[in-house]
Amino acid sequence: MTTNLIVLAVFLLTAALLFAPRVTGSHLWRATVIPLASIIGSGFLVIAPILQMSVGSKALAAITLLVLAAYGIGEAIRFNISHTEPLLLNQQLAGSAHLFETLSDYALAFAYVISVTYYLTLFGDFALRAMNIEHEQISKAITTGVLLIIAWFGSHKGFGFLSKFEGLKLAVITALVAALAWQNGLLFFEGEWALHFKDPAVDTDAVRVVLGMLIIIQGFETSRYLGDKYDATLRIRSMRLAQQLSGLIYIVFIGLMLYYFNFPLPATGQDTAIVTVAAHVASVLPWMLIGLALIAQFDAAVADTQGGGGLIYELSKKRLPLKAAYLLIAALGIALVWSSNVFEIITYASRAFALYYALQSLVATAVAWHSRHIIHHRIKALFFFVMALFSATVAVFGLPAEA
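Let me sum up the structure you'll find in this document. (Residues numbered from 1 in each chain as written. Predicted model: local features only at pLDDT ≥ 70, side-chain atom pairs only at ≥ 80, totals over all residues. Heavy atoms only, no water.)

On to the overall build of the chain, then. When helices and strands are tallied, the chain shows 15 helices and 0 strands. Its C-alpha radius of gyration of 21 Å places the chain within 12% of the 22 Å reference for a compact globule of 403 residues. Judged by the C-alpha coordinates and their principal axes, the chain covers about 65 × 50 × 50 Å. Of the accessible surface of the chain, which amounts to about 17500 Å², a share of 67% is contributed by carbon and sulfur atoms. Across the chain, the 24 positively charged side chains and the 22 negatively charged ones have centroids separated by 11 Å. (Helix = DSSP H or I, 4+ residues; strand = E, 2+ residues; numbered from the N terminus. Rg over C-alpha atoms; globule rule 2.2 N^0.38 Å. Areas by Shrake-Rupley, 256 points an atom, 1.4 Å probe, with all protein chains shown as cover. Lys, Arg positive; Asp, Glu negative; His and termini not counted. Charge placed at Lys NZ, Arg CZ, Asp CG, Glu CD.)

We now examine unusual backbone geometry. A positive phi angle, near 60°, is found at Lys317, a position not held by glycine. Considering the arrangement of structural elements, one finds Lys317 in the loop between α12 (285-315) and α13 (322-337). Phi is positive for Lys318, which is not a glycine, with a value near 70°. Its location among the elements puts Lys318 in the loop between α12 and α13. On the basis of relative accessibility, which here comes to 51%, the residue Lys318 falls in the exposed class. (Buried < 20%, exposed > 50% of the residue type's maximum accessible area, 1.4 Å probe, protein only.)

On to a nonpolar patch on the surface, then. Together, Met131, Ile133 and Ile138 line one region of the surface with nonpolar side chains, adding up to about 260 Å² of accessible area. When you line up the elements, Ile133 lands in the loop between α6 (95-130) and α7 (136-157). Relative accessible area serves as the criterion here: at 33%, Ile133 is assigned to the partly exposed category. (Patch = residues over 30% accessible without salt bridge, like charges linked within 9 Å, V, L, I, M, F, W, Y side chains within 5 Å. Salt bridge = Lys/Arg side-chain N within 4 Å of Asp/Glu carboxyl O.)

Moving on: helix α5 (residues 59-89). Here α5 is 31 residues long and its end C-alpha atoms lie 43 Å apart, about the 45 Å a rise of 1.5 Å per residue gives. Just past α5, the residue Gln91 takes up positive phi, approximately 55°. (Expected span 1.5 Å × (residues − 1).)

Let's shift gears to the packing of helix α8 (residues 166-189) against helix α10 (residues 232-257). Where α8 meets α10, the closest approach of the two axes is 9 Å, and the angle between their N-to-C directions is 40°. The orientation of α8 with respect to α10, classified from their angle, is oblique. In this structure, α8 meets α10 at a crossing whose hand is left-handed. Contact residues: Ile173, Leu176, Val177, Leu180, Ala181 and Asn184 in α8; Ile249, Val252, Phe253, Leu256 and Met257 in α10. Split by residue class, the contact of α8 with α10 holds 10 nonpolar, 1 polar and no charged. (Axes fitted to C-alpha atoms, helices over the stretch in contact; angles between N-to-C directions. Parallel < 35°, antiparallel > 145°, perpendicular 65-115°, else oblique. Left-handed = near helix turned anticlockwise from the far one by under 90°. Contact = heavy atoms within 4.5 Å. Nonpolar A, V, L, I, M, F, W, Y, C, P; charged D, E, K, R; others polar.)

This next bit is on the packing of α5 against helix α14 (residues 342-370). Two elements in contact, α5 and α14, have axes whose closest approach is 9 Å; the angle formed by their N-to-C orientations is 55°. One finds that α5 runs oblique with respect to α14. Of the two elements, α5 crosses α14, and the hand of that crossing is left-handed. Mapping the contact onto sequence places Ile73, Ala76, Ile77, Phe79, Asn80, His83, Thr84 and Leu87 in α5 and Tyr356, Tyr357, Gln360, Ser361, Val363, Ala364, Val367 and Ala368 in α14. Considering only residue class, the contact of α5 with α14 consists of 11 nonpolar, 5 polar and no charged.

For the rest of this paragraph, the subject is the pattern of salt bridges. As enumerated under the stated definition, the model contains 7 salt bridges in all. Where Glu75 meets Arg78, a salt bridge forms, and the shortest distance between an N and an O atom there is 2.7 Å. Residue Glu75 and its partner Arg78 are located together in helix α5, separated by 3 residues, close to a single helical turn. With relative accessibility at 24%, the residue Glu75 sits in the partly exposed group. Look at Arg78 and you get buried, because its relative accessible area is 2%. A salt bridge links Arg235 to Glu85; its shortest N-O distance comes to 2.8 Å. With Arg235 in helix α10 and Glu85 in helix α5, the pair connects residues that are 150 residues apart, well separated along the chain. Overlapping salt bridges, with partners in common, bring together Glu85, Glu101, Arg224 and Arg235 in one network.

For the structure shown, the criterion picks out 15 aromatic pairs. Here a set of aromatic residues connected by ring pairs shows up, and it is made of Trp193, Tyr259, Tyr260 and Phe263. One residue, Arg78, lies across the ring of Tyr71, its end atom 4.8 Å from the ring centre. (Phe/Tyr/Trp six-rings, centres within 6.5 Å; stacked < 30°, edge-to-face > 60°. Lys NZ or Arg CZ within 6 Å of the ring centre and 35° of its normal.)

This brings us to the side chain of Ser340. You can see Ser340 is positioned in the loop between α13 and α14. In this structure Ser340 touches Lys140, Ile345 and Tyr348, once residues within four positions along its chain are discounted.

A separate point is the nonpolar core. Ile47, Leu51, Tyr118, Tyr250, Phe253 and Met257 are the most contacted members of the largest nonpolar core, which has 129 residues in total. Discounting chain neighbours no more than four positions away, the residues touching Phe253 are Phe44, Ile47, Ala48, Leu176, Leu180 and Ile274. The next biggest cluster of nonpolar side chains, apart from the first, holds 5 residues, and it includes Leu28, Leu226, Tyr230 and Leu234. (Core = buried A, V, L, I, M, F, W, Y, C linked by side-chain atoms within 4.5 Å.)

This paragraph deals with the environment of Val394. Secondary-structure assignment places Val394 in helix α15 (residues 377-397). Placed 39 residues apart in sequence, Val394 and Leu355 show a C-alpha to C-alpha distance of 8.2 Å. Not counting residues within four places of it along the chain, the set of residues in contact with Val394 comprises Leu211, Leu214, Ser350, Arg351 and Ala354.

Here helix α4 (residues 43-54) contains 12 residues, and its C-alpha end-to-end distance of 16 Å stays within 8% of the 16 Å for a straight helix at 1.5 Å per residue. By the criterion of burial, α4 is predominantly enclosed, with 11 of the 12 residues buried. Of the positions making up α4, those classed as buried are Gly43, Phe44, Leu45, Val46, Ile47, Ala48, Pro49, Ile50, Leu51, Gln52 and Ser54.

Structural data, given as structure tokens:
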């Protein structure tokens, strides 16, 4: 009962804070909440079960590695906002940097297709979980139907009818973390906090599974494409803040989840196992998490359909109509849904975004290497090249978790 009250109180207080005029009117917060909600909206739901299956008690080290790697890649994206974008606008980007930038646009368009499928696959699984049903084929049918609905609305009605739910997502996540902190505190002071599960073997495949989870902390790159709303300085500042906040939330969340790794995962439906775990924490949490899942996945899928459709439209030199681009995304997504399981789709999405990150890091490497007016430009170029190598490693070697 006490934990339920904590959950509801924290949810209401956080929502009230995030929807307060002073917060919603802040340019910094508005620029921060878009990448922040993108980073933690979907990954938050599946990261704990995947880490439990793949690395067990090493989960805290694994998520810390992912967070730090993402922050390093973010530095390359931020460099491109401040130094590459002006060259693009003035048509001064040339050579290898221009080639990598062009290739990264194609990689991002491909990544959007997979990420839309990833979000809606989770949407289908959580929609069934709300009815206490686990059925892979029905989930795939739901995902297919929602893909077609989004494509139809994008082609005929547009997406103006949708509202953003970033504040509600963050309020639910904050409530979950608060409840976990309360329960962990009680267990610790009662002398009951201990890890007594059998750790999976942490071998090369386990490392490759962790690498294949890069999609979990993906989303920060959206700041790169908000130039029509915010200037470069604000985008850089807000993107850094979004990564710092999301990284802290992820690390704290996984640390608080370690005790609940003692509870074995269900034989099926591991991607929605957070709902089962949440029931051990507070009885109101499962329904709040299902609501979060449905809102977050649909919202993210629509956003990436818009982004992917617009990018495909531009890359085709406007020869492919925007309506056709939406339908193309839906068609490719449906093919992926019926040929893969959710963990394979997560890894495909990670690889696709890793390719994009590798190319963006190479853009930053090339620009930094030749920009003698930038302090320590060669050191920065080498750092960005290391980030490109890391991202390429994920793209080549990432593995899906095995249920």
